[in-house]
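These are the residues of each chain, in order.
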Amino acid sequence: MNSIVIIVGVIITLATGLPVAFQLARQHPRGLFVLFFAEMWERFSFYGMRGLLIFYLTEHFLMDQKTASGEYGSYATLVYLLPLVGGVLADRYLGARKAVAFGALLLVAGHGLMAIEGPAAHQSVIYHGRAYPIAVTGRGEARLARVMVAGQPHAFDQSAAGAFRIEGLPTTALLPSELPAGSFTLRTEAAPAVFQSILYLALALIIMGVGFLKANISSIVGKLYPQGDPRRDPGFTLYYYGINLGAFWAAILCGYLGQNYGWAYGFGLAGLGMAAGWLSFVLGKPLLNGHGEPPDPARLARPLVGPLNLEYVIYGGAIAGLAILWFLVQHNSIVGGALGLGWVAALGYLGWFIAAKCNKIARERLMLAFVLIAGSIVFFTLFEQAATSLNLFAEQSTQLALISRPAAFRLLGHTLLFGNQAMRDGAHVAGPVWWIDMGFTAAQTQSFNAGFILLLAPVFAAVWAFLGRRGRDPDPVTKFGLGLAQVGIGFLIIVWSQAMADSHFRMPLAVLGFAYLLHTTGELCLSPVGMSEITKLSPAVLVSTLMAVWFMATSAGEFIAAKIAALAGTATIGGQVLDPSAALHASLRVFGAIGWTGLGFGVLFLVMAPFLKGWAHGVDDSRGDIGPGSIAPDVDAGLQEVSPAVFRP
């Protein structure tokens, strides 16, 4: 392919992959290599679909931006809520490895169904009882929506007063060139119901699959390292590199195919990635050295319902539960209630555990975990704007070309032309041409975050390790404060740069890229550190459950993020923005509010850090030990008696 995005992606991958491969091979357990590649391909599928979904809803199903943000919010909320169920089932019955393998199969099925595109929805403007259809041509940045009048296409927009304005109408037209607000209606002919059902079934399969996979594969990473092993934080950061290697190439390739050739191509490639992830995990089982196996294999294999044992009853229950998810993903308000019930159940269980099973050390460790989880809710509320409001901002308010005018050079008898598709079409260069596409699709801007992580994750891993060896590693609360402040400043950078918008109300791509850079450095201060800290602060019996609560925090962030993204939504017809000026200013208003919020919480965490660091009770140094003294002796002894292989250091 001739895209500069793909060329640079290859360079970044080669430059960063070699030191990561060296660290994986020489300094970490071999099981991390298996989990690295399994999660890399799972994230390839997840982020490939995620980057396209908001555009699929607004441009294929022609949902308005507020509705589409709500639908996405329902999906994303459930994606991070279901790991609570998957974590509990893995802790008590399946073991993390079986849960991950089953979840991966569901994900393969879900992403495969997403590739069934079907006919698109259609819209018409209704004026005095006559319908004027909206015709859509092209894809990606070349996509155009036109209103058809007397068989001819006409551009349209919206006035500040809300009037629908039509350009180039002949004097013989049966309608005026400006339809006042209230004088017309918009009629949407929805896509065939069967394809809408396929969409929601696919999302249900992905939600259930992530529920079984996400928390459990992360918990296996933590089990690869003995308590107090200084390689644990660097190991999680390298694992995070694998996550983002998948996300990086998903945004580049799935985003390119989906917006340039068809939704089915982008979603289909995501499905192939998930199949590769499942194979990586299954074939790599021997390298996990028994980590993640069921706590009581005999109980799991014992017949429970006729010839069906407990394992297959759990799988059958998950398949039946798809009907509930199919319904919930279509009803955002009900999802909010389910999220609330999930938090009540989780906090109730953990509250009982703290009161009944923990001494002072374990209690304060878990309370510190709750503080970090609360901080992650704020962080992901802001950070997860990427899939909705920031993604739409990229499409409607960002100049998506890296250069403003074409550049041409002679090379080996050819003209080497740099420019996007429009620049190429207008260049009129004679003779053979080698063209390098300097444009992004909107979905490809999702690669900024992942690409920066590929560049910076090894650096952060080395810095944390360097500081740790010298006893100067910042405590987790301080790192969280830095992360929250940076994600807030990232949004404020966009607001402070609004004077750079051009006459079409589009801001330079570099502004969005710089915002994503700050989001990325904030993420590296918070997310991998948080995952690692949760595994260290939790008693062994709660590792998967508490990791699931960590992902529930992301779920809560996703739900709130969708509500915020809806506030940044703007009016569209045929998936095309009616008023670019209003779209830009709506985004800037929301970005300013959440930017200051993130910065404020960052300062709060930095102030609290000196007072809370003692609650860790040494888990962040080589002397830290979650042993018999951290929970009631009878509980710890019981765990060792049931399955010593699972909980051995």
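Note that this is a predicted model, so its numbers are computed, not measured.

What counts, and at which threshold
- Numbering of residues starts from 1 in each chain and follows the order in which that chain's sequence is written.
- The predicted origin of the model limits local features to residues at a pLDDT of at least 70 and limits the giving and counting of side-chain atom pairs to 80 or more, whereas totals for whole chains, interfaces and linings rest on all residues.
- No hydrogens and no water enter the side-chain calculation; it runs on all heavy atoms of the structure.
- Definition of nonpolar core: a set of buried residues of the types Ala, Val, Leu, Ile, Met, Phe, Trp, Tyr and Cys, connected through side-chain atoms within 4.5 Å.
- Categorising residues by exposure relies on relative accessible area from a 1.4 Å probe, with only protein chains included: less than 20% of the type maximum marks a residue as buried, more than 50% marks it as exposed, and the intermediate range marks it as partly exposed.
- Here a residue-residue contact requires only that any non-hydrogen atoms of the pair lie within 4.5 Å.
- Each helix is a run of H or I in the DSSP string that is no shorter than four residues. Each strand is a run of E no shorter than two, and both are numbered from the N terminus.
- Two N or O atoms form a polar contact when they lie within 3.5 Å of each other; inside protein one atom must be a possible hydrogen donor and the other a possible acceptor, and for residues adjacent in sequence the pair counts only when both atoms belong to side chains.
- The axes are straight lines fitted to the C-alpha atoms, using for helices just the contacting stretch, and the angles between their N-to-C directions are given from 0 to 180°.
- Here the angle decides the label: under 35 degrees means roughly parallel, over 145 means roughly antiparallel, 65 to 115 means roughly perpendicular, and every other value means oblique.
- The handedness criterion is simple: a crossing whose near helix is rotated anticlockwise from the far helix by less than a right angle is left-handed, and one whose near helix is rotated clockwise is right-handed.
- Polar here means any residue other than Ala, Val, Leu, Ile, Met, Phe, Trp, Tyr, Cys and Pro, which are nonpolar, and Asp, Glu, Lys and Arg, which are charged; Gly is therefore polar.
- Residue-level confidence of the predictor is summarised by pLDDT, bounded by 0 at the bottom and 100 at the top.
- Between 30 and 60 degrees the pair is tilted, below 30 it is stacked and above 60 it is edge-to-face, where a pair is any two Phe, Tyr or Trp rings, Trp via its six-membered ring, whose centres lie within 6.5 Å.
- Consider the ring centre and the ring normal. A charge sits over the ring if Lys NZ or Arg CZ is within 6 Å of that centre and within 35 degrees of that normal.

Concerning the nonpolar core
One finds Tyr75, Met114, Ile494 and Trp550 to be the most contacted residues of the largest nonpolar core, which totals 177 residues. Setting aside chain neighbours within four positions, we find Ile494 in contact with Leu390, Phe393, Met507, Val511, Leu512, Ala515, Leu588 and Phe591. With 16 residues, the next largest nonpolar core counts Tyr132, Ala145, Val149 and Leu179 among its residues.

Digging into the side chain of Lys479
For Lys479, the position within the fold is in helix H16 (residues 476-496). For Lys479, a relative accessible area of 1% translates into the label buried. At 3.1 Å, the side chain of Lys479 forms a polar contact with the side chain of Asp473. Beyond its immediate stretch of four places on either side in the chain, Lys479 contacts Asp233, Trp464, Asp473, Pro474, Cys525 and Val529.

Re the packing of helix H15 (residues 447-469) against helix H17 (residues 509-537)
The N-to-C vectors of H15 and H17 enclose an angle of 40 degrees; their axes lie 9 Å apart at closest approach. Judged by the inter-axis angle, H15 sits oblique to H17. Classified by chirality, the crossing of H17 by H15 is right-handed. Between H15, through Phe448, Asn449, Phe452, Ile453, Leu456, Ala457, Phe460 and Trp464, and H17, the contact on the second element is made entirely by Leu509, Gly513, Tyr516, Leu517, Thr520, Thr521, Glu523, Leu524, Cys525 and Val529. Counted by class, the contact of H15 with H17 contains 13 nonpolar, four polar and one charged residues.

Side note on the confidence of the model for the protein
Per-residue confidence for the protein gives a mean pLDDT of 84; residues scoring 70 or more make up 94%. The lowest-confidence element of the protein is helix H21 (residues 644-647), averaging 25 in pLDDT; the highest-confidence one is H16, averaging 95. Contacts for the low-pLDDT stretch residues 623-649, under 50 throughout, to residues beyond four places or in other chains number 43 contacts.

Here's the deal with the packing of aromatic side chains
Under the counting rule described, the total for this entry stands at 31 aromatic pairs. Ring centres of Trp41 and Phe44 lie 5.6 Å apart, and the angle between their planes is 65 degrees; this geometry places the pair in the edge-to-face category. Of this pair, Trp41 and Phe44 both sit in helix H2 (residues 30-60), separated by three residues, roughly a single helical turn. On the basis of relative accessible area, Phe44 is assigned to the buried category, the value being 6%. Between Trp352 and Phe353, the ring centres sit 6.4 Å apart and the planes meet at 70 degrees, which makes this aromatic pair edge-to-face. One aromatic cluster is present, built from ring pairs that chain together Phe46, Tyr47, Tyr72, Tyr75 and Tyr80. A cation over an aromatic ring shows up here: Arg43 above the ring of Phe46, its NZ or CZ 4.1 Å from the ring centre.

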